[in-house]
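Structural overview for review
Take a look at the letters that make up each chain.
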Amino acid sequence: MQTSIGGATMINDAMFSSNTNEWATPQAFFNELDKEFDFTLDPCATPQNAKCARYFTKEIDGLAQSWRGEVVFCNPPYGRDISKWVAKAYAETLSGGAKLVVLLIPARTDTAYFHDYIYKKHEIRFVRGRLHFNESKCGAPFPSMVVVMRGYNDD
């Protein structure tokens with residue numbers, strides 16, 4: 001559904017509502033990260049938007065699966081459960097499970113999960129500008145960050 005203001009078509013209404021918490025990663029953005037990290041697993045995907053040959057769907061539940069030995073690209077659902085995905089990534093890298101986890105998440109630096117699992121623990125790359133998720137012509141209504149969890153945390 002599109003919004004029209006003064007004859008100009010605006011961003012998809014779903015991007016500004018809670019109608020969806022799934023934000024498909026822009027392919028070009030993923031490709032740049034994949035060149036650097038060579039991902040092997042996408043733990044929160046659909047068959048339509050999976051970024052890796054090996055992926056878990058909602059039905060398989062990537063939170064309940066082992067990520068052992070994987071180089072993980074994780075663009076989790078951006079709803080209330082995002083903290084569970086961040087905690088899972090943190091636990092997988094610290095336990096020696098995943099070799100590396102790269103998260104693409106909203107830059108919400110005021111959240112408990114940011115301070116508990118990311119800040120001063122892992123590499124943070126703030127994305128300049130707004131990403132165009134779901135092949136939208138307009139940018140997301142929030143800033144994004146890439147978090148690189150290498151499992152070297154001293155906590």
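The following paragraphs examine the structure supplied in this document. The structure displayed is predicted, hence computed values, not measured ones. (Residues numbered from 1 in each chain as written. Predicted model: local features only at pLDDT ≥ 70, side-chain atom pairs only at ≥ 80, totals over all residues. Heavy atoms only, no water.)

Glancing now at the nonpolar core. Formed by 40 residues in total, the largest nonpolar core has its most connected members in Phe 39, Trp 67, Val 101, Leu 103, Ile 105, Ile 118 and Met 149. Contributions of two or more residues to this core are made by helix H1 (27-37), strand S5 (71-74), helix H2 (82-94), strand S6 (100-106), helix H3 (112-117) and strand S8 (144-149). In this structure Met 149 touches Val 86, Ala 89, Tyr 90, Thr 93, Leu 100, Val 101, Leu 103, Tyr 117, Ile 118 and His 122, once residues within four positions along its chain are discounted. (Core = buried A, V, L, I, M, F, W, Y, C linked by side-chain atoms within 4.5 Å. Buried < 20%, exposed > 50% of the residue type's maximum accessible area, 1.4 Å probe, protein only. Helix = DSSP H or I, 4+ residues; strand = E, 2+ residues; numbered from the N terminus. Contact = heavy atoms within 4.5 Å.)

Moving on: unusual backbone geometry. Positive phi, close to 65°, is recorded for Asp 61, a residue that is not glycine. By secondary structure assignment, the location of Asp 61 is in the loop between strand S4 (54-55) and S5. The partly exposed category is assigned to Asp 61, whose relative accessible area is 31%. Positive phi, normally seen in glycine, also occurs at Lys 120, with a value near 65°.

To continue, consider the environment of Lys 35. The residue Lys 35 is located in helix H1 in this model. Here the side chain of Lys 35 touches Glu 32 through a polar contact of 3.1 Å, side chain to side chain. (Polar contact = N/O pair within 3.5 Å; in protein donor to acceptor, adjacent residues only side chain to side chain.)

For Glu 70, the location among the structural elements is in the loop between S4 and S5. Reaching out from Glu 70, the side chain makes a polar contact with the side chain of Thr 40 at a distance of 2.5 Å. Among all residues touching Glu 70, those that are not within four sequence positions of it are Thr 40, Leu 41, Arg 54, Ala 98, Lys 99 and Leu 100.

Burial along S5 is two-sided: Val 71 and Phe 73 facing one way and Val 72 and Cys 74 facing the other are all buried. Bridge count between S5 and S6: 4 bridges; the pairing is parallel. Pairing of Cys 74 across the sheet is with Leu 103, part of S6. A crossover links S5 with its parallel partner S6, the connecting element being H2, and its sense is right-handed. (Pairing = 2+ DSSP bridges. Right-handed = clockwise from strand over helix to strand, strands pointing away.)

The next thing to look at is the environment of Gln 48. Inspection of the secondary structure assignment puts Gln 48 in the loop between strand S3 (41-42) and S4. Exposure remark for Gln 48: the relative accessible area of 71% places this residue in the exposed category. When the C-alpha atoms of Gln 48 and Ala 24 are compared, they prove to be 9.4 Å apart, with 24 residues separating the residues in sequence.

A few words on the pattern of salt bridges. Scanning all chains against the criterion turns up 7 salt bridges. Glu 32 serves as the salt-bridge partner of Lys 35, at 3.1 Å between the closest nitrogen and oxygen. On the criterion of helical spacing, the pair formed by Lys 35 and Glu 32 is a turn pair, its members being 3 residues apart in helix H1. Taking the relative accessible area as the measure of exposure, Lys 35 reaches 65% and is therefore exposed. Residues Glu 36 and Arg 125 are paired through a salt bridge, measuring 2.7 Å at the closest nitrogen-oxygen approach. You can see Glu 36 sitting in helix H1 and its partner Arg 125 sitting in strand S7 (residues 123-126), a full 89 residues away along the chain. Using a relative accessible area of 44% as the deciding quantity, one classes Glu 36 as partly exposed. Several salt bridges converge on common partners, so that one network encompasses Glu 36, Glu 123, Arg 125 and Arg 150. (Salt bridge = Lys/Arg side-chain N within 4 Å of Asp/Glu carboxyl O.)

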